[in-house]
Amino acid sequence: MRGQSFMDAILHGIAPSNEQVAAYLNAFHHRMPGITSEIMLGLRTTDGRTSYDVVADCIAASQPSSILDIGCGDGELLAAMHSRCPGAALTGIDLSAEELTLAAARFDQRKADLRLAPATALPFADGAFAAVAAHLVFMLIPQVGDALREVHRVLAASGTFAFLLPRPPKQPTNLTALLEKLTRKLAIRYPDFTPFAIGDRALFERFGIADLLVRAGFTTLPRFEDFEVHATLDGESLWRAISGRYVLGSLDEELTAELRAIVLSTASSGAFDYSESLRLVAIVR
Ligand SMILES: C[S@@+](CC[C@H](N)C(=O)[O-])C[C@H]1O[C@@H](n2cnc3c(N)ncnc32)[C@H](O)[C@@H]1O
């Protein structure tokens, strides 16, 4: 029935409510905890780094004494930051209990402070952290202005905030062509479906990001680093990467089987050049 869940809403071209988005993300990460790092660790920059390395290198440049990871998931970014800043006190928050369980297993010995909390209401004092980081999270938050204000509040003076976002590629890629093909297939059953961005579309443009940061209280200019991460994938790995995406990984069995067949035939040569366009945003408070 229309509008009853996030998937019902978007398949019928209706904007989901913030509550539907939160419930959907929670159910998705309950079903597939650790999926983001599983996919992203297989993708590399031209100089061989993962996207976690790119964020962690940026944070490590100031050797902060304390770091908060927002939407820390299974703790992959926390681990990358720990290896570069072993003395830093680590804190992670996430909305998914299953993701936090994976992170807790990883940090058993090292005692990272991991908490179930929303990015829009951080349970920390003003100025509590020397650095704040996030990897592929802010594009998922409908009330991103509230979340950015919270970052500004908990970040100490001169502290660095570094966060990674997806970015529309400058040129069409194999992946965008494949996603268009899958969208056309979806539109046969759901003619009103249009690809939907969960969070605030302003985050797709540098001006939009800069504007949101000013509104959140930041007074310095952000630094942007645009880059790609790549891998050559066989059919099954490509399907894992596609079915690990929001929306495409949440369809009924019949549609899932149809999309899987398209993906496997697209990679039938066994070598699909997969690339994601990403943007690191870094700003000092
Ligand atoms: C794409 S995953 C990224 C996980 C991890 N940062 C990584 O890259 O491996 C997004 C994560 O953000 C969390 N998340 C989404 N919305 C959130 C919110 N409003 N507050 C806190 N966490 C949120 C999800 O539960 C999920 O773990």
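Look above for the structure.
These lines cover the structure that appears in this document, whether it is placed above or below. (Residues numbered from 1 in each chain as written. Predicted model: local features only at pLDDT ≥ 70, side-chain atom pairs only at ≥ 80, totals over all residues.)

**Details of the overall build of the protein**
Part 1 of the argument: Scanning the protein from N- to C-terminus turns up 11 helices and 7 strands.
Part 2 of the argument: A compact globule built from 285 residues should have a C-alpha radius of gyration of about 19 Å, and the protein, at 19 Å, falls within 12% of that.
Part 3 of the argument: Oriented by its inertia axes, the alpha-carbon framework of the protein measures out at about 55 × 40 × 40 Å.
Part 4 of the argument: Buried residues in the protein amount to 38% of all 285 residues.
Part 5 of the argument: Counting only contacts in the protein whose residues sit at least 6 apart along the sequence, the fraction spanning at least 24 positions is 72%. (Helix = DSSP H or I, 4+ residues; strand = E, 2+ residues; numbered from the N terminus. Rg over C-alpha atoms; globule rule 2.2 N^0.38 Å. Buried ≥ 20, exposed ≤ 12 C-beta atoms within 10 Å, placed from the backbone. Contact = placed C-beta atoms within 7 Å.)

**Brief notes about the sheet that holds strand 3 (residues 113-116)**
Part 1 of the argument: Read from one edge to the other, the open sheet built from 7 strands follows the order 3-2-1-4-5-7-6, with strand pairing classed as mixed. In this open sheet, the two strands that pair with only one neighbour each are strand 3 and strand 6 (223-233). Taking the axes of each pair of neighbouring strands and ignoring which way they run, one obtains an average angle of 15° across the sheet.
Part 2 of the argument: Pairing geometry for strand 6 and strand 7 (residues 272-284), over 11 bridges, is antiparallel. (Pairing = 2+ DSSP bridges. Axes fitted to C-alpha atoms, helices over the stretch in contact; angles between N-to-C directions.)

**A short note on the pairing of strand 7**
Part 1 of the argument: Two elements, strand 5 (residues 155-166) and strand 7, share 7 bridges in a ladder whose sense is antiparallel. Across the sheet, residue Pro 166 finds its bridge partner in strand 7, namely Leu 278.

**Concerning unusual backbone geometry**
Part 1 of the argument: For Gln 63, which is not glycine, the phi torsion reads 40° and is therefore positive.
Part 2 of the argument: As for its position among the elements, Gln 63 is in the loop between helix 4 (51-60) and strand 1 (66-70).
Part 3 of the argument: Positive phi values are uncommon outside glycine, yet Leu 136 reaches one of about 55°.
Part 4 of the argument: Structurally, Leu 136 is set in the loop between strand 4 (129-135) and helix 7 (144-154).
Part 5 of the argument: Residue Leu 136 is classed as buried on the basis of its 21 C-beta neighbours within 10 Å.

**Re the site of the ligand**
Part 1 of the argument: Around the ligand sit 22 residues in total, of which Gly 71, Gly 73, Ser 96, Ala 119 and His 135 are the nearest.
Part 2 of the argument: The set of elements that each furnish at least two residues to the shell around the ligand consists of helix 2 (18-31), helix 3 (35-40), helix 5 (76-84) and strand 2 (89-94). (Near = placed C-beta within 6 Å.)

**Observations concerning the packing of helix 8 (residues 174-189) against helix 11 (residues 253-266)**
Part 1 of the argument: For the pair helix 8 and helix 11, the least separation of the axes is 11 Å and the interaxial angle reads 150°. Classed by the angle they form, the pair helix 8 and helix 11 counts as roughly antiparallel. Pair helix 8 / helix 11 crosses with right-handed handedness. Every residue of helix 11 that contacts helix 8 at Leu 178, Lys 181, Leu 182, Lys 185, Leu 186 and Arg 189 is listed here: Leu 255, Glu 258, Leu 259, Ile 262, Val 263 and Thr 266.
Part 2 of the argument: Looking at the contact of helix 8 with helix 11, its residues break down into 7 nonpolar, 1 polar and 4 charged. (Parallel < 35°, antiparallel > 145°, perpendicular 65-115°, else oblique. Left-handed = near helix turned anticlockwise from the far one by under 90°. Nonpolar A, V, L, I, M, F, W, Y, C, P; charged D, E, K, R; others polar.)

**Observations concerning helix 7**
Part 1 of the argument: What helix 7 keeps buried is the set Val 144, Ala 147, Leu 148, Glu 150, Val 151 and Val 154. One side of helix 7 holds all its buried residues, which, seen down the axis, span an arc of 155°.
Part 2 of the argument: Those residues of helix 7 that are buried are in contact with strand 1, strand 4, strand 5 and helix 9 (206-216). (Arc of directions from axis to C-beta.)

**Re the packing of helix 10 (residues 235-243) against helix 11**
Part 1 of the argument: With their axes 8 Å apart at the nearest point, helix 10 and helix 11 run at an angle of 135° to one another. Put simply, helix 10 runs oblique to helix 11. Two packed elements cross with a definite hand, and for helix 10 against helix 11 that hand is right-handed. Touching Gly 235, Leu 238, Trp 239 and Ile 242 of helix 10 are Arg 260, Val 263 and Leu 264, all from helix 11.
Part 2 of the argument: Classifying every residue of the contact of helix 10 with helix 11 gives 5 nonpolar, 1 polar and 1 charged.

**Side note on the nonpolar core**
Part 1 of the argument: Residues Val 55, Ile 59, Ile 67, Met 81, Val 132, Ala 133 and Phe 138 are the most contacted members of the largest nonpolar core, which totals 61 residues.
Part 2 of the argument: For this core, the element with the most residues is helix 4, which contributes 7 residues.
Part 3 of the argument: Residues contacting Met 81, with those up to four places away along its chain left out, are Ala 56, Ile 59, Ala 60, Ile 67, Ala 88, Leu 90 and Ala 133.
Part 4 of the argument: Counting 11 residues, the second-largest nonpolar core is a separate cluster that includes Leu 233, Leu 238, Ala 267 and Tyr 274. (Core = buried A, V, L, I, M, F, W, Y, C linked by C-beta atoms within 7 Å.)

**Here we look at helix 10**
Part 1 of the argument: Buried within helix 10 we find Leu 238, Trp 239, Ala 241 and Ile 242. For helix 10, the buried positions fall inside an angular range of 160° around the axis, keeping them on one side.
Part 2 of the argument: Each element contacted by the buried residues of helix 10 is listed here: helix 3, strand 6, helix 11 and strand 7.

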